[in-house]
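# Structural overview
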Amino acid sequence: MATFTRIEEGETSSISIHPSNKIAKIDDNIYGGFTEHMGRCIYGGIYDPGNPLSDENGFRKDVIDAFKELNVPVVRYPGGNFCATYNWLDGVGPRENRPSRPELAWIGTETNEFGTDEFMKWCEVVGTEPYICLNMGTGTLAEALGWLEYCNSDRNTYYANMRRKNGREKPYNVKYWALGNECWGAWQVEQMTKEDYAKKAYQWAKALKLLDPSITLILCGETGFSSWDYYVLKECVKWDVHGLGTESTTKSLIDMHSIHIYTASNEHLPNATAPRAAEHAIKMASSLIDLARIENKVPETVPRQKICFDEWNVWDPIRAPGEEGAEEKYTLSDALAVAVWLNAFIRQAKDVGMANIAQSVNVISPLMTTKDGLVKQTIWWPLLLFSKYMRGHTIALNVKAPEYGGQTKPRWIRAAIETPYLDCSATVGDDGFVNLAVANVHEENDYEVALDGLQADKVEVYVVSGDNVSVTNTDGAQKVGIKESSWDGKGKYTFGKHSFTLLRWKRA
Ligand code: AHR
């Protein structure tokens, strides 16, 4: 939570930091990833058999190291739009028996060389949790139940035994399951109306929880501020009509509500401030969750559903079309936008249970593989700093700074939420460090800022910047990275133009 006071250019900016005012616990899962059978994300991304950089499983070791460096806690799979025609049974068992199928989301061929067991193995090697998105397009409830049984059951039953036969004795215990992906979208195979989806999702949720009550089920929302979101929440966030619980049961059928937003503009300031729309979307979705609970009289003993922002990033599908693999080349402007995105998740930590950057490798990604190595795009660097340091609790902040007053994308941002030049969030970590994240999105102005509440004589400084907002890391040179230094904490601190800065000090 941060409050903002607008001042004029030339007045003194300040940031008041209140380390003892903890606002909310930050869920580590906001640093989640996403790997879809799309473009070069799986094949040629995380899985590249025959490449000298891969291990005996065909997994790219450099990619695994990057995931470990980012400390990615959870990874969504196998899509995305890909889910809507995917049959998980095609991707298990001996490879020579796995069928190749036409792939309809991105118009390709799916060889099924990489499937559930490979993904689970990869998650184990990386040290991350799997999050599976179910096929609610061509898929049936019977197939979904079979997949859940295959992954999670330790009983002497058909699909659990199939898993054993395929070499895995112990269940994988996949905790996170999504009830379809973007089922509202015109691009979906089996696009649904909100009425059809809500009815189906509720029945699927009931059956899935009968089979495994321990799972966390994620409802398919839209942007967080649509009639779809309102309707599906109202119909599915219910209590005690499903016959699975009593008033004392602490779980509901639906545990989280998924929303997706991609931001982008070819102009720097609309681009860098666009994620403020996503922050407002979190607030609106959170109100719709409250509304559903109030209207459906869900007792307060049932934990409040959180938002699962399971696709977010900077992406312009015209610039980088999905059918061509969506290989976005990110600029410094995009890196600043990503910092604003991540600030939003920190500020709204109370409501965000998970967030997954879309995607994690090659497809609209911070990380690009080549045959002989990895390119870390501009957006990798703020993401790395956030994931390393911005954990623990969100703390209270007041920011006094000038505000960008031009056009926004989307336009409604202007009336709904402020767009300060200094976009900030702060945390106090379990290690006792205070962390202040500041994106100065101004292209020309440095800001000299009084930091009230900073009491330290040694401040670690990490800065991500570059020559101008258009520079990229994709033309053979790393023009954007992290510059580390230290500061004695005295006087004001100057946040340079078009930069992201993370200041970190031990709490007094
Ligand atoms: O992440 C790329 C695509 O964007 C996903 O497959 C889909 O869910 C969204 O439209």
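In what follows, the accompanying structure is described. It should be emphasised that the depicted structure is a prediction, and the values quoted were computed from it without experimental measurement. (Residues numbered from 1 in each chain as written. Predicted model: local features only at pLDDT ≥ 70, side-chain atom pairs only at ≥ 80, totals over all residues. Heavy atoms only, no water.)

Moving on: the site of the ligand. Taken together, 13 residues sit near the ligand, with E36, N81, E182, Y262 and E311 positioned nearest. Interatomic distance of 2.6 Å between a side-chain N/O atom of E36 and an oxygen atom of the ligand. Contacts to the ligand include E182, whose side-chain N or O atom sits 2.7 Å from an oxygen atom. Starting from 280 Å² of accessible surface for the ligand in isolation, the protein chains cover 96%. Its residues placed into classes, the shell around the ligand shows 6 nonpolar, 4 polar and 3 charged. (Near = heavy atom within 4 Å. Polar contact = N/O pair within 3.5 Å; in protein donor to acceptor, adjacent residues only side chain to side chain. Areas by Shrake-Rupley, 256 points an atom, 1.4 Å probe, with all protein chains shown as cover. Nonpolar A, V, L, I, M, F, W, Y, C, P; charged D, E, K, R; others polar.)

So, about the packing of helix 6 (residues 227–236) against helix 8 (residues 275–295). At a closest axis distance of 9 Å, the pairing of helix 6 and helix 8 adopts a crossing angle of 35°. For the pair helix 6 and helix 8, the crossing hand works out as right-handed. Contact with helix 6, carried on its side by D229, Y230, L233 and K234, involves A285, L288, I289, L291, A292 and E295 of helix 8 and no other residues of that element. (Axes fitted to C-alpha atoms, helices over the stretch in contact; angles between N-to-C directions. Helix = DSSP H or I, 4+ residues; strand = E, 2+ residues; numbered from the N terminus. Left-handed = near helix turned anticlockwise from the far one by under 90°. Contact = heavy atoms within 4.5 Å.)

As a further point, take the nonpolar core. Among the nonpolar cores identified, the biggest contains 150 residues, and I15, L179, Y197 and L451 are the most heavily contacted of them. Residue contributions to this core peak at 11 residues, all from helix 9 (residues 332–347). Ignoring sequence-local partners within four residues, the contact set of L179 consists of M136, Y197, A201, W204, A205, L208, L217, I218, L219, C220 and I254. Core analysis: the next-biggest nonpolar cluster, separate from the first, contains 10 residues, Y131, A178, M256 and M354 among them. (Core = buried A, V, L, I, M, F, W, Y, C linked by side-chain atoms within 4.5 Å. Buried < 20%, exposed > 50% of the residue type's maximum accessible area, 1.4 Å probe, protein only.)

Taken residue by residue, a regular strand's side chains alternate between the two faces of the sheet. The alternating pattern of strand 4 (residues 74–77) places V74 and R76 on one face and V75 and Y77 on the opposite face, and all of these are buried. Relative to strand 4, strand 3 (residues 33–34) runs parallel, the two sharing 2 bridges. When the bridges of strand 4 are listed, F34 appears paired with R76. The sheet contact formed by strand 4 and strand 7 (residues 129–133) spans 4 bridges and is parallel. Opposite V74, over in strand 7, you have E129 as the bridge partner. (Pairing = 2+ DSSP bridges.)

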